[in-house]
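Chain by chain, the residues run as shown.
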Amino acid sequence: MSSEAETPKAGHAPIVISVDAMGGDRGPAPVIAGIAQSAKKNPDIRFILHGDADELKRLAAKRLNARHLDGRCEFRDASGVVKMDDKPSQVMRRGQDTSMWSALESVRNKEATVAVSCGNTGALMALSMVRLRKLPGVNRPAIAVLWPSRNPQNFNVMLDVGADIRADAEDLLQYALMGASYARNGLALTRPRVGLLNVGTEEHKGRAEMQAAHALMESASGNANFEFVGFVEGGDIPGDRCDVIVTDGFTGNVALKTGEGTAKLIGDLLREAFKYSPLSRFASVLALTSLRRLQKRIDPRRVNGGVFLGLNGTVVKSHGSADATGISAAVKLAFRLAQSGFSDRLAERVASAAEQAHDITDTTGPATDAAPRDGTNA
């Protein structure tokens, strides 16, 4: 198998990013502000913006650094907006006029390499699967996120965090392959270390599909160019034992929301502690530089963007409440993946993994008798 490069393709051809500008909680203003920040920092980015074209043009013209957007934005008028409480099934039936649908069409038609949206996660995944289709050999797409960690790269990759609540052994193997590919192209790791999230690190622990997935990953790791470290526990998610954490969407989503809630609690308690007395307020001034460094390190806006893996095209899901900084971070991630040729490399990796998984299961028998593949979007 050919080695998957971890550096961007040669040359500096512009990268076109398709942006759903209307789907976030805060409307299109922070989206325009965020892409303006990105355009200022990177001259190789171009945008196709989807939504109310007149409003988007007006917002773009009002930006202080609007000159950086001149000639680099194409506006596609889309009158409809996918709301956060819309059901995915409704959007799939009646969402053809929405900015989300239009943004995905630009990727489907090869006009853009990556789509970015702050919109409804369930609707975005459902539309992505219908309009972009799954890669051959992928049973269930996954959502991957970057998690602050003790590793030198400062982040670990975790997937799935909510695309599908179920995953059997072969699905978990595909997640491992896709997560390792993401780590190589997104974090520049030559040979990522992959761990399988379980209730303990002992090899005899876990459900039947976990045992089967362990065997598949161990067998596939050599040819797939990743190091399998075995089972890992929840405490390893922000640790330095591995670079990629593989789990099902139910467990991953619970872990993600728990982590976000805990981070917010720690921040609130820290602010409360420093306001407790005049002396503690003075101490906060002395520690201001360190506190700002800590805030920057754990700021969720700077790692904003869950990547949909396993589709014929790359989709980056930004937080619905993202501000300009968060949007800019999502665009930066989208640009990095597009420039590296991530989508094509991932397709090659998954196709090869599917063949290898079938070879292994043909030899050892069925991996698991897990439930049918009719999981629900989470």
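Just above sits the structure.
Just so it is clear, the model here is predicted, and its values are computed rather than measured.

Student: Summarise the overall build of the protein; cite the residues concerned and give the values.
Tutor: In terms of helices and strands, the protein carries twelve helices and eleven strands. Sequence-distant contacts, at least 24 apart, represent 77% of the contacts inside the protein between residues at least 6 apart. Summed over all atoms, the accessible surface of the protein reaches about 17400 Å², with 53% contributed by carbon and sulfur.

Student: Describe the sheet that holds strand β3 (residues 73-77), listing the residues and the values that go with them.
Tutor: Reading across from one edge, β3-β2-β1-β4-β11-β10-β5-β6-β9-β7-β8 is the order of the eleven strands in this open sheet, with mixed pairing throughout. Of all strands in the sheet, those bounded by a partner on one side alone are β3 and β8 (227-232). For this sheet, the mean angle separating the axes of adjacent strands, direction not counted, is 25 degrees. Together, β7 (193-197), β8 and β9 (244-246) form the strand contacts of helix α7 (residues 208-224), whose direction differs from that of β8 by roughly 165 degrees.

Student: Tell me what's going on with the pattern of salt bridges, and back it up with residues and numbers.
Tutor: Considering all chains together, one arrives at ten salt bridges under this definition. Of the charged contacts, one joins Glu-74 and Arg-76 as a salt bridge, the two residues approaching to 2.7 Å between their closest N and O atoms. The exposure class assigned to Glu-74 is partly exposed, which follows from its relative accessible area of 37%. Residue Asp-164 is joined to Arg-140 by a salt bridge in which the shortest nitrogen-to-oxygen separation is 3.3 Å. A residue pair is termed long-range when its members are at least 10 positions apart, and Asp-164 in the loop between β6 (155-159) and α6 (169-186) and Arg-140 in the loop between α5 (121-131) and β5 (142-148) qualify at 24 residues.

Student: Which residues make up the packing of α6 against α7, and what values do they have?
Tutor: Packing of α6 against α7 brings their axes to within 8 Å, and their N-to-C directions diverge by 40 degrees. By the angle between their axes, α6 is oblique relative to α7. The hand of the α6/α7 crossing is right-handed. Residues Ala-169, Glu-170, Leu-172, Leu-173, Ala-176, Leu-177 and Arg-184 of α6 form the contact with α7, whose participating residues are Glu-209, Met-210, Ala-212, Ala-213, Leu-216, Met-217, Ala-220 and Ala-224. Of the residues that constitute the contact of α6 with α7, the class distribution is twelve nonpolar, no polar and three charged.

Student: Any details on a positive patch on the surface? Residues and values, ideally.
Tutor: Taken together, the side chains of Lys-40, Lys-41, Arg-67, Lys-332 and Arg-336 present a region of like positive charge at the surface. Where the positive patch is concerned, the elements lending two or more residues are α1 (29-41) and α11 (324-339). As for its placement among the helices and strands, Lys-40 is situated in helix α1.

Student: Outline helix α2 (residues 53-62), listing residues and values.
Tutor: Ala-53, Leu-56, Leu-59 and Ala-60 are the residues of α2 that are buried. Considered in projection along α2, the buried side chains sweep an arc of 130 degrees and stay on one side of the axis. Away from its buried face, by an angle of more than 90 degrees, α2 presents the exposed residues Asp-54, Ala-61 and Lys-62. Packing partners of the buried residues in α2 comprise α1, β2 (45-51) and β3.

Student: So what's going on with the environment of Phe-342? Residues and values would help.
Tutor: Within the element layout of this structure, Phe-342 appears in helix α12 (residues 342-364). Each C-alpha atom, one on Phe-342 and one on Gly-186, is 8.6 Å from the other, the two residues being 156 residues apart in sequence. Excluding anything up to four places from it in sequence, Phe-342 contacts Ser-181, Tyr-182, Asn-185, Leu-309, Thr-314 and Leu-337.

Student: Run through the side chain of Thr-314, naming residues and quoting values.
Tutor: As for its position among the elements, Thr-314 is in strand β11 (residues 314-317). Note on Thr-314: relative accessible area 4%, which makes it buried. Apart from the residues within four sequence positions on either side, Thr-314 is in contact with Thr-113, Val-114, Ala-115, Val-307, Leu-337, Phe-342 and Ser-343.

Student: Got a sec to walk through the side chain of Ser-38? Specific residues and values, please.
Tutor: With respect to the helices, strands and loops of the structure, Ser-38 is situated in helix α1. For Ser-38, the residues in contact, after removing those within four places along its chain, are Ile-45, Phe-47, Ser-328 and Val-331.

Student: Tell me about the packing of α1 against α11, residues and numbers included.
Tutor: Between α1 and α11, whose axes approach to 7 Å, the crossing angle comes to 55 degrees. Classified by the angle their axes make, α1 and α11 are oblique. In this structure, α1 crosses over α11, and the sense of that crossing is right-handed. Contacts between α1 and α11 pair Pro-30, Val-31, Ala-33, Gly-34, Ile-35, Gln-37, Ser-38 and Lys-41 from the former with Ala-324, Thr-325, Ile-327, Ser-328 and Val-331 from the latter. Among the residues forming the contact of α1 with α11, the class breakdown is seven nonpolar, five polar and one charged.

Student: Lay out the nonpolar core in plain terms, naming residues and giving numbers.
Tutor: Among the nonpolar cores identified, the biggest contains 71 residues, and Ile-17, Phe-47, Leu-159, Tyr-182 and Val-246 are the most heavily contacted of them. With ten residues, α6 is the single largest residue contributor to this core. Once residues lying within four places of it in the same chain are set aside, the contact partners of Val-246 are Leu-159, Leu-172, Tyr-175, Ala-176, Val-194, Gly-195, Leu-196, Leu-197 and Met-217.

Student: Which residues make up unusual backbone geometry, and what values go with them?
Tutor: Across the junction of Leu-159 and Asp-160, the peptide omega takes the value -5 degrees, indicating a cis bond. Tracing the chain through its elements places Asp-160 in the loop between β6 and α6. Phi at Asn-154 takes a positive value of approximately 75 degrees, unusual for a residue other than glycine. For Asn-154, the position within the fold is in the loop between β5 and β6.

Student: Any chance you could break down α6 for me, citing the residues and the numbers?
Tutor: Taking 1.5 Å per residue as the helical rise, α6 with its 18 residues ought to reach 26 Å, and the 25 Å between its terminal C-alpha atoms agrees with that figure. Judged by how many residues are buried, α6 sits mostly within the fold: 18 of 18 residues are covered. Backbone nitrogen of Glu-170 and a side-chain oxygen of the N-cap are separated by 3.2 Å at the start of α6; the cap is Asp-168. After α6 finishes, the residue Ala-188 shows a positive phi value of roughly 60 degrees.

Cut-offs applied
Per chain, the residues get numbers from 1 upward, laid out in the order the sequence is written. Where totals are concerned, whole chains, interfaces and linings use all residues; where local detail is concerned, this predicted model gives features only for residues with pLDDT of at least 70, and gives and counts side-chain atom pairs only at 80 or more. Side-chain descriptors were evaluated using all non-hydrogen atoms of the structure, hydrogens and water having been removed beforehand. The secondary structure listing takes helices from DSSP runs of H or I that are at least 4 residues long and strands from runs of E that are at least 2 residues long, numbered from the N terminus. The contact definition used throughout considers only heavy atoms, calling two residues in contact when any of these lie within 4.5 Å. Where accessible areas are quoted, they stem from the Shrake-Rupley method and a 1.4 Å probe; at the residue level, only the protein chains shown are allowed to cover. Whether two strands pair depends on DSSP finding at least two bridges between them. Working convention: axes come from line fits to C-alpha atoms, limited for helices to the stretch in contact. Angles between N-to-C directions cover 0 to 180 degrees. For this analysis, a salt bridge means a side-chain nitrogen from Lys or Arg found within 4 Å of a carboxyl oxygen belonging to Asp or Glu. For each residue, the accessible area found with a 1.4 Å probe, counting protein chains only, is set against the maximum for its type, and the residue is called buried under 20%, exposed over 50%, and partly exposed in between. By definition in this entry, angles of less than 35 degrees are roughly parallel, angles greater than 145 are roughly antiparallel, angles of 65 to 115 are roughly perpendicular, and the rest are oblique. Each crossing is labelled by how the near helix is turned from the far one, with a counterclockwise turn of less than a right angle marking it left-handed and a clockwise turn marking it right-handed. For this classification, the nonpolar set comprises Ala, Val, Leu, Ile, Met, Phe, Trp, Tyr, Cys and Pro, the charged set comprises Asp, Glu, Lys and Arg, and every other residue, Gly included, is treated as polar. Two distance rules govern patches: like charges are joined within 9 Å, and nonpolar side chains (Val, Leu, Ile, Met, Phe, Trp, Tyr) within 5 Å, applied only to residues with over 30% relative accessible area and no salt bridge. Under the counting rule used here, the positive set is Lys and Arg, the negative set is Asp and Glu, and His together with the chain ends is not counted. The location of each charge is read from NZ of Lys, CZ of Arg, CG of Asp or CD of Glu. Regarding the arc, it is the one traced by the directions from the helix axis to the C-beta atoms. Remark: nonpolar core denotes a set of buried residues (Ala, Val, Leu, Ile, Met, Phe, Trp, Tyr, Cys) joined through side-chain atoms within 4.5 Å. Helix span is expected to be 1.5 Å times the residue number reduced by one. Under the rule applied, a polar contact is a pair of N or O atoms within 3.5 Å (in protein, one hydrogen donor and one hydrogen acceptor; residues adjacent in sequence only if both atoms are side-chain atoms).

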